[in-house]
Amino acid sequence: DYAIKYIKNFIRGNNLYSKLSNVVLREENDFCTIEFVQRKKCEIDYQGLRLVLGEKYGIFESFGNEIIRGMRTLCTDEMGLQCEFSPQSFHQVNIGVCKLLYDKTVKSVVGKNVVNCYSGAGVLSGVLEKAGFNVTGIELGQTEHNDAQRLKELNCLNRLHNICGDAAEMLPKVGEKIDTLIVDPPRRGMSKDVCATIAKLNFKRMIYISCNSSTLVRDIQRIGNVKVESATLFDMFARTGEYETLVTLKK
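What this report covers is the structure whose coordinates are included nearby. Please read all numbers here as calculations on a predicted model, not as lab measurements.

### Comments concerning the layout of surface pockets
- Here the largest pocket is characterised by a volume of approximately 920 Å³.
- Around the largest pocket, the lining comprises 36 residues; the ones closest to its centre are F90, Y118, D184, P185 and P186.
- Within the residue set of the lining of the largest pocket, elements represented by two or more residues are helix 3 (95-108), helix 4 (123-130) and strand 8 (134-139).
- When the residues that make up the lining of the largest pocket are grouped by side-chain class, the tally is 17 nonpolar, 11 polar and 8 charged.

Below, the structure written as structure tokens:
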């Protein structure tokens, strides 16, 4: 609330309504990032806003998926891991509930070899490695993959291997030894190609983490030869009708 008041005054005072499409705030521990998303590239002076907000706020501009100027990395501690992220990388929005979700994920793993698809910036992969598993993370986004590589190096995670690529193409190359397969796709779910690839794999358990129950059900039906063992709901998005779901499945 403190920052929003000054951001509104800044936009109003500089008549930026036509220049900005939206403003994104994200809090990490005791630090807050503020992303000004431009409709088209233009020069905006943020010096006054920086002085008012102070050092606990980091400001950057973006156009499309490109950071134009401002902070390039966000240094933070997440789930006991030292992290250096792109400020645009995806993270779970509710740290307290996310910890419960990841704890449940770790407890649901069977065997020693884990493949984590849609692994993002690598936090869950790091948590799994620290719990003693051999982890392969697969992520299509280059920015997120780079973040995951930095996380691996900063925390000396020797049992973690990160791959940048499409899960449909990379899963067959991982090898036959997959004990637990984890997928945590965006709201749109998995492509038909990924589901078809998973249907051909041999694994002891599959863990599907989803924020969209409709695509979750659709993808399970697409895979076809799996059976639901359990489902757990997490109130990740308080005071909304949305929730995060963790489903365990077997062949």
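### Quick word on the environment of R187
- With respect to the secondary-structure elements, R187 resides in the loop between strand 10 (180-183) and helix 7 (192-200).
- Residue classification places R187 among the partly exposed residues on the basis of a relative accessible area of 40%.
- A sequence separation of 52 residues divides R187 from R239, and the C-alpha atoms of the two residues are 19 Å apart.
- At a separation of 3.5 Å, a polar atom in the side chain of R187 contacts the side chain of E242.

### Structural notes on the pairing of strand 3 (residues 57-63)
- Buried residues dominate strand 3, accounting for 5 of its 7 residues.
- Bridging between strand 2 (residues 31-38) and strand 3 involves 6 bridges; their strand directions are parallel. Within strand 3, the residue paired with E35 across the bridge is F60.
- In this view, the connection linking strand 2 to its parallel neighbour strand 3 by way of helix 2 (residues 47-53) has right-handed handedness.
- By the bridge criterion, 4 bridges tie strand 3 to strand 4 (residues 66-70) in an arrangement that is antiparallel.

### Looking at helix 7
- For helix 7, the complete set of buried residues consists of V194, C195, T197 and I198. The arc enclosing the buried residues of helix 7, seen along the axis, measures out at 160°, which places them on a common side. What points out from helix 7, more than 90 degrees from its buried face, is the exposed set K192, D193 and K200.
- Close packing links the buried residues of helix 7 with helix 6 (167-174), strand 10, strand 11 (205-210) and helix 8 (213-223).

### Brief notes about the packing of helix 6 against helix 7
- For the pair helix 6 and helix 7, interaxial distance at closest approach is 8 Å and the crossing angle is 20°. By the angle between their directions, the pair helix 6 and helix 7 is classed as roughly parallel. Pair helix 6 / helix 7 crosses with right-handed handedness. Residue-level contacts link A167, A168, L171 and P172 of helix 6 to D193, V194, T197 and I198 of helix 7.
- A class-by-class count of the residues in the contact of helix 6 with helix 7 yields 6 nonpolar, 1 polar and 1 charged.

### Considerations on the packing of helix 3 against helix 4
- Across the interface, helix 3 lies against helix 4 with an axial gap of 10 Å and an inter-helix angle of 50°. With respect to helix 4, the axis of helix 3 lies oblique. Crossing geometry of helix 3 relative to helix 4 is assigned as right-handed. From helix 3, Y102, T105 and V106 reach across to helix 4, where they touch V123, L124, V127 and L128.

### Concerning the pattern of salt bridges
- Under the definition given, this model contains 9 salt bridges.
- The residue D103 makes a salt bridge to K99 at a minimum N-O spacing of 3.2 Å. Taken together, the residues span about one helical turn, with D103 and K99 both in helix 3 at a distance of 4 residues.
- Salt-bridge contacts for R218 lead to D219; the nearest nitrogen and oxygen are separated by 2.9 Å.
- Connected via shared salt-bridge partners are K177, D179 and K204.

### Notes on the pairing of strand 8
- Of all 6 residues that make up strand 8, 5 are buried, and the element is covered over most of its length.
- Note: strand 7 (residues 113-117) against strand 8, 5 bridges, orientation parallel. What sits directly across from C117, in strand 8, is I138.
- Each parallel crossover has a hand, and the one from strand 7 via helix 4 to strand 8 is right-handed.
- In the sheet, strand 8 pairs with strand 9 (residues 160-164) via 5 bridges, with the strands oriented parallel. Among the inter-strand pairings, V135 is bridged to a residue of strand 9, identified as L160.
- Tracing the backbone out of strand 8, into helix 5 (residues 142-154) and back to the parallel element strand 9 gives a crossover that is right-handed.

Procedures and definitions
Residues numbered from 1 in each chain as written. Predicted model: local features only at pLDDT ≥ 70, side-chain atom pairs only at ≥ 80, totals over all residues. Heavy atoms only, no water. 1 Å grid on protein atoms, 1.4 Å probe; cavity = no way out; pocket = protein on both sides within 12 Å on 5 of 7 lines; lining within 4 Å. Points joined across faces, edges and corners; volume = space filled by probe spheres on them. Helix = DSSP H or I, 4+ residues; strand = E, 2+ residues; numbered from the N terminus. Nonpolar A, V, L, I, M, F, W, Y, C, P; charged D, E, K, R; others polar. Buried < 20%, exposed > 50% of the residue type's maximum accessible area, 1.4 Å probe, protein only. Polar contact = N/O pair within 3.5 Å; in protein donor to acceptor, adjacent residues only side chain to side chain. Pairing = 2+ DSSP bridges. Right-handed = clockwise from strand over helix to strand, strands pointing away. Arc of directions from axis to C-beta. Contact = heavy atoms within 4.5 Å. Axes fitted to C-alpha atoms, helices over the stretch in contact; angles between N-to-C directions. Parallel < 35°, antiparallel > 145°, perpendicular 65-115°, else oblique. Left-handed = near helix turned anticlockwise from the far one by under 90°. Salt bridge = Lys/Arg side-chain N within 4 Å of Asp/Glu carboxyl O.

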